[in-house]
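The lines below spell out each chain.
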Amino acid sequence: MIMGFPSWMTYLFGVVSVVIALVAVFGNASIIVAIFNDRRLRTYTNCFIIGLAISDVCNGIEVGFRSVNTFMGYWPFGRVACELLMFFAHYTASLIIMHSSFAINPICYATGNPLIRAALVNLVCRRKKAGPRP
């Protein structure tokens, strides 16, 4: 139970966080499966999306464990699981920040310089040329 809140509010918080965790885990897992199963989705840009999806899955699992702690009022999984959970919580937060900065920094830099922006657009939007026609 969360100290100072009524029990119904604690349970509501726990249910909402479990639902959010389940949506995060299954939604991001479906993204990972789709990218690995469809060859056309295996692009350079989707590498960042896979990294974010993996970190979101880990974060969703972590939220699920914290919800159990909220429901029960104590940590039932032991000290080792607690240490692992703290490691994953900090690791996934760092991973999300790192992936976001790797994805956003080139875009912000390119928008300020028209020559780099043109090169970036050509790199991202280039299409494979069709082979010679018979």
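Residues numbered from 1 in each chain as written. Predicted model: local features only at pLDDT ≥ 70, side-chain atom pairs only at ≥ 80, totals over all residues. Heavy atoms only, no water.

Explanation requested: the overall build of the protein chain in the structure shown.
Across its full length, the protein chain carries four helices and zero strands. What you see in the protein chain, going N to C, is helices and strands ordered as α-α-α-α. Every one of the 134 residues in the protein chain was classed for burial, and the buried ones make up 18%. A separation of at least 24 residues holds for 54% of the contacts in the protein chain among residues at least 6 apart in sequence. Summed over all atoms, the accessible surface of the protein chain reaches about 10100 Å², with 72% contributed by carbon and sulfur. (Helix = DSSP H or I, 4+ residues; strand = E, 2+ residues; numbered from the N terminus. Buried < 20%, exposed > 50% of the residue type's maximum accessible area, 1.4 Å probe, protein only. Contact = heavy atoms within 4.5 Å. Areas by Shrake-Rupley, 256 points an atom, 1.4 Å probe, with all protein chains shown as cover.)

Mind showing me how you'd approach the packing of aromatic side chains here?
Any aromatic ring pair is given by two values, namely how distant the centres are and how the planes are angled relative to each other. A full pass over the atoms with the stated rule returns five aromatic pairs. Ring centres 5.0 Å apart and planes at 90 degrees place the aromatic pair F65 and F77 in the edge-to-face group. Within this pair, whereas F65 is found in helix α2 (residues 44–72), its partner F77 is found in the loop between α2 and α3 (79–112), the two being separated by twelve residues in sequence. Seen from their ring centres, F87 and Y91 are 5.7 Å apart, and the 15 degrees between their planes marks the pair as stacked. Taken together, the positions of F87 and Y91, both in helix α3 and four residues apart, correspond to about one turn of that helix. Y91 gets classed as partly exposed once you look at its relative accessible area, which sits at 44%. One aromatic cluster is present, built from ring pairs that chain together F65, W75 and F77. (Phe/Tyr/Trp six-rings, centres within 6.5 Å; stacked < 30°, edge-to-face > 60°.)

Would you take a moment to explain α2 for this structure?
What sets the pattern is the α-helix's 3.6 residues per turn: residues three or four places apart point alike. In a regular helix each residue adds 1.5 Å, so 29 residues correspond to 42 Å; α2 covers 43 Å between its end C-alpha atoms and thus fits that length. Within the span of α2, buried status applies to N46, I50, G51, A53, S55, V57, G60, E62, S67 and T70. Positive phi shows up at G73, right after α2, with a value of about 90 degrees. (Expected span 1.5 Å × (residues − 1).)

Help me out: how do you make sense of the pattern of salt bridges in this one?
Pairing between side chains of opposite charge can happen when the charged atoms of each approach one another. With the rule as written, the count across this model stands at three salt bridges. Two residues, D38 and R40, come together in a salt bridge whose shortest N-O distance is 3.3 Å. You can call D38 partly exposed: its relative accessible area is 25%. Between E62 and R66 there is a salt bridge, with its nearest N and O atoms 2.3 Å apart. With E62 and R66 both in helix α2 and four residues apart, this pair spans about one turn of that helix. Residue E62 is classed as buried on the basis of its relative accessible area, which comes to 8%. (Salt bridge = Lys/Arg side-chain N within 4 Å of Asp/Glu carboxyl O.)

Can you walk me through the confidence of the model for the protein chain in this structure?
Regions with low pLDDT should not have their predicted coordinates read in detail. In this model, the protein chain carries a mean pLDDT of 77, and residues with pLDDT of at least 70 account for 72%. No element of the protein chain has a lower mean pLDDT than helix α4 (residues 114–125), at 63, and none a higher one than helix α1 (residues 7–37), at 87. (pLDDT = per-residue confidence, 0-100.)

I keep staring at the packing of α1 against α2 and nothing clicks. Help me out?
A pair of packed helices is characterised by two quantities: the angle between their axes and the separation of those axes. Contact geometry for α1 and α2: axes closest at 8 Å, N-to-C directions at 155 degrees. One element, α1, and the other, α2, form an angle in the roughly antiparallel class. Two packed elements cross with a definite hand, and for α1 against α2 that hand is left-handed. Of the residues assigned to the contact of α1 with α2, the class counts are 20 nonpolar, nine polar and one charged. (Axes fitted to C-alpha atoms, helices over the stretch in contact; angles between N-to-C directions. Parallel < 35°, antiparallel > 145°, perpendicular 65-115°, else oblique. Left-handed = near helix turned anticlockwise from the far one by under 90°. Nonpolar A, V, L, I, M, F, W, Y, C, P; charged D, E, K, R; others polar.)

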